Amino acid sequence: MKTLIVGAGALGGLIAARLTAAGVPVCLATRDAGSAAGLRASGLRVSGVGGALAVPVAAAGPVEQYLGAAFDLVVLATKAGDAMALAPRLPGLLGPGGTLLPIQNGSVALALAERLGVERVLGGLSNLGAAMTAPGTVEQRNAGHLLLGEVGGGESARAERVRAWLGRGVAARVTPNFRGAVWSKLLINCSGTTLGAIGGTTLRGFTATAHGRDLFHRAYDEALAVALASGARPERMAVDPVPPGWNGRSVPGEALDAWLAGVIAAYGDAKPSMLQDFERGRSTEIDFLNGHVADLGRRLGVPVPVNEALVEAAQAITRGRSAPGPELLERVWAAAGGGAFP
Ligand SMILES: NC(=O)c1ccc[n+]([C@@H]2O[C@H](COP(=O)([O-])OP(=O)(O)OC[C@H]3O[C@@H](n4cnc5c(N)ncnc54)[C@H](OP(=O)(O)O)[C@@H]3O)[C@@H](O)[C@H]2O)c1
């Protein structure tokens, strides 16, 4: 499969390096010619989980350089906003029958499939964790995998072909319930990750207080209600996606506390990537996470005041009008009609 990876950051760099080391040739598309020249000079280095390696980068250039090059597989590994901005140019990278594989968090794969057609877009998600520690240098942070699936659901020879190809470098699996997998991740991102980022802490950090736990459940409940109303059936990840006894809202009690303890054990200590975006003054993926839940909730008639307030809070931080911290979580609560914290 003639393969292009668009975006040579943490995930794109990791996938490119591990494929190259396994003898699978890939081309890399960068934001501009300068970044491509830097990559060709430095090569790619990987450290951390899965073992260290260093590989040369033979083919790297800006996206424009590859238009018309007819790739069989284009792995889109930019952040969500950049992925959508690139959308009009992506078909020009694919050959006949070629496949675009977006691997962003949130609703990107669904939005691109709607825009470019399900025949061109295979859904992708990453449970692989990685960070770029210096230009061309990536640290693999876990033993995760790429999850692939048809956006419309079901199994396909194409998903299996792409899995086998990428699986030569990184762990990759196929799910027949891709939409459900997207929502399982969204449920945690919209509650744990976003609240952690806005609170300037981790999921474990903000759920140490009763009001933090309450906000978590309200954000999660809204997202789950939207998922179910949209017809999605969230897949099980580290915990059951539907909290015990859930009746449209989480039901306080020992069973819910035990369920939340499972969520915290699985996801509680990671520094939210959105908090890193705030600290670096970069735009966030909030529009594709809580923003997607809020938009869909409004369309489906599901109330989403907490997710709407979280979008506003994240946008206020990005615009420099607020700073992450516990007091901002209190303001989110008030904006969502919660009154004073219990
Ligand atoms: N990293 C993880 O552990 C992880 C885990 C799960 C999911 N994800 C998701 O995976 C996606 C990528 O994350 P990441 O951490 O790899 O991000 P990242 O390190 O910021 O990498 C994104 C790369 O895309 C490049 N880029 C931006 N616009 C481009 C364009 N028009 N053409 C070509 N390249 C372009 C960026 O270049 P510049 O530096 O010049 O902007 C950067 O090198 C995100 O949606 C994230 O939520 C990441």
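All figures in this text were calculated on a predicted structure; none of them were measured in a lab.

As for unusual backbone geometry
- At Ala 70, a position not held by glycine, the phi torsion is positive, near 55°.
- Tracing the backbone shows Ala 70 in the loop between strand S5 (60-62) and strand S6 (71-76).
- Classification of Ala 70 as partly exposed rests on a count of 13 C-beta atoms within 10 Å.

Some remarks on the domain arrangement of the protein
- Under the domain assignment, the protein is made up of domain 1 (3-176) and domain 2 (180-335).
- Between the C-alpha centres of domain 1 and domain 2 the distance comes to 27 Å.
- Across the contact, 14 residues belong to domain 1 and eleven residues belong to domain 2.
- For the side of domain 1 that touches domain 2, the secondary-structure elements that each account for two or more residues are helix H3 (80-86), helix H4 (108-116) and strand S11 (146-149).
- Counting residues per element, the side of domain 1 that touches domain 2 draws most heavily on H4, which supplies three residues.
- When grouped by side-chain class, the residues that make up the side of domain 1 that touches domain 2 number six nonpolar, seven polar and one charged.

Overview of the site of the ligand
- Every one of the 27 residues lining the ligand counts as a neighbour, but Gly 7, Gly 9, Leu 11, Asp 82 and Gln 104 are closest to it.
- Listed by contribution, the elements that provide at least two residues to the shell around the ligand are helix H1 (10-21), strand S2 (27-30), H3 and strand S9 (130-134).
- Here the residues of the shell around the ligand sort into twelve nonpolar, eleven polar and four charged.

Considering the pairing of S9
- Bridge analysis of S9 against strand S10 (residues 137-140) gives four bridges, and the strand direction is antiparallel. By the bridge assignment for S10, Ala 130 is matched with Gln 140.
- Between S9 and S10, which pair antiparallel and follow one another directly, the connecting turn spans two residues, one of which, Gly 136, has a positive phi of 80°.

Criteria and cut-off values
- Residues numbered from 1 in each chain as written.
- Predicted model: local features only at pLDDT ≥ 70, side-chain atom pairs only at ≥ 80, totals over all residues.
- Helix = DSSP H or I, 4+ residues; strand = E, 2+ residues; numbered from the N terminus.
- Buried ≥ 20, exposed ≤ 12 C-beta atoms within 10 Å, placed from the backbone.
- Domains from an automatic or database assignment.
- Contact = placed C-beta atoms within 7 Å.
- Nonpolar A, V, L, I, M, F, W, Y, C, P; charged D, E, K, R; others polar.
- Near = placed C-beta within 6 Å.
- Pairing = 2+ DSSP bridges.

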